[in-house]
Amino acid sequence: MRLLHTMLRVGDLDRSLQFYTQVMGMKLLRTSKNEEYRYTLAFVGYGSESEQAVIELTHNWDTSEYDLGTGYGHIALAVDDIYSTCDKLRAAGASITREPGPVLGGSTEIAFVQDPDGYKIELIASKGAGKGLEG
């Protein structure tokens, strides 16, 4: 088995595509529109779907916002330099909701950014990515 994608429902597809491609640096990989059921799907990521997991942005045409609930946590991305990444994201208009620094009780450096729909994205310094948060 292999992880394929994570689906996020978004209220404004153009706004979300701008954030994930222009701010987060992902590529728009493919889109599909379903006229009958009134939705559009857009897949974004850093590489080919055949090689790595991506994000599926689902826009239901008649819904402009969602209640994120209490069950959703975040998406995590590895970054080489967490401090300069946050500076670049902030300069591009992103909301950094947790400044970069060590995780509580550990040494792995993390930060959080929020997308336009309120979804959290955890940034983890590459040296600590994939090791858990103990550092």
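Keep in mind it's a predicted model, so treat the numbers as computed, not measured. Numbers given for residues are sequential positions, taken from 1 along each chain in its written order. Residues qualify for local features only when their pLDDT is at least 70, as the model is predicted, and side-chain atom pairs are given and counted only at 80 or more; totals for whole chains, interfaces and linings, by contrast, use all residues. Heavy atoms throughout the structure, all of them, feed into the side-chain values; hydrogens and water do not.

**Digging into the overall build of the protein**
Point 1. Each helix and strand counted, the protein has 2 helices and 8 strands in total.
Point 2. Along the protein, helices (α) and strands (β) appear in the sequence β-α-β-β-β-β-α-β-β-β when read from the amino end.
Point 3. Radius of gyration means the value over C-alpha atoms here, while the globule rule gives 2.2 Å times the residue count to the 0.38 power. In summary, the protein has a C-alpha radius of gyration of 15 Å against a globular reference of 14 Å for 135 residues, a match within 12%.
Point 4. In terms of its C-alpha atoms, the protein occupies a principal-axis envelope of roughly 50 × 30 × 30 Å.
Point 5. When accessible area is computed with a 1.4 Å probe and restricted to protein chains, residues below 20% of their type maximum are described as buried, those above 50% as exposed, and intermediate ones as partly exposed. Counting over 135 residues, the protein shows a buried share of 39%. Numbering of helices and strands runs from the N terminus, with a helix taken as a DSSP run of H or I at least four residues long and a strand as a DSSP run of E at least two residues long.

**Brief notes about the pairing of strand β5 (residues 75-79)**
A regular strand places its side chains on the two faces of the sheet in alternate fashion.
Point 1. Taking every second residue as pointing to the same face, the buried face of β5 carries I75, L77 and V79, while none of A76 and A78 on the other face is buried.
Point 2. By the convention used here, strands pair only if DSSP detects at least 2 bridges between them. In this sheet, strand β8 (residues 120-125) lies alongside β5 in parallel orientation, the contact comprising 5 bridges. Across the sheet, residue L77 finds its bridge partner in β8, namely L123.

**Things to note about the environment of Y72**
Point 1. One can find Y72 in the loop between β4 (54-60) and β5.
Point 2. For the pair Y72 and K120, spaced 48 residues apart in sequence, the C-alpha to C-alpha distance is 9.0 Å.
Point 3. Should any heavy atoms of two residues lie within 4.5 Å, those residues are counted as being in contact. Dropping the residues within four chain positions of it, Y72 is found in contact with L8, Y119 and K120.
Point 4. Of the polar contacts made by the side chain of Y72, one reaches the backbone nitrogen of I75; its length is 3.5 Å.
Point 5. At a separation of 3.5 Å, a polar atom in the side chain of Y72 contacts the main-chain carbonyl oxygen of K120. A 3.5 Å cut-off defines polar contacts: any pair of N or O atoms within that distance qualifies, except that in protein one atom must be a possible hydrogen donor and the other a possible acceptor, and neighbouring residues in sequence count only when both atoms are side-chain atoms.

**Structural notes on the sheet that holds strand β3 (residues 39-45)**
Point 1. Spatially, 4 strands are ordered β1-β4-β3-β2 in an open sheet, and the strand pairing comes out mixed. Either end of the sheet is taken by a strand with one partner, and the two such strands are β1 (5-9) and β2 (27-34). The average undirected angle you get between the axes of adjacent strands in this sheet is 20°.
Point 2. The pairing of β1 with β4 spans 5 bridges and is classified as parallel. Opposite M7, over in β4, you have E56 as the bridge partner. For helices, the fitted line uses only the C-alpha atoms of the stretch in contact; every axis is such a line through C-alpha atoms, and the angle between N-to-C directions lies from 0 to 180 degrees.

**Overview of the pattern of salt bridges**
Point 1. Take a side-chain nitrogen of Lys or Arg and a carboxyl oxygen of Asp or Glu: if they are within 4 Å of each other, that pair is a salt bridge. Tallied over the entire structure, the rule returns 6 salt bridges.
Point 2. One salt bridge connects K127 with E109, and the closest N-O pair in it is separated by 3.4 Å. Of this pair, K127 sits in the segment after β8 while E109 sits in strand β7 (residues 109-114), and the two are 18 residues apart along the sequence.
Point 3. Residue classification places K127 among the exposed positions, given a relative accessible area of 61%.
Point 4. Bridged by salt links that share partners, the residues D87, R90 and E99 form one connected network.

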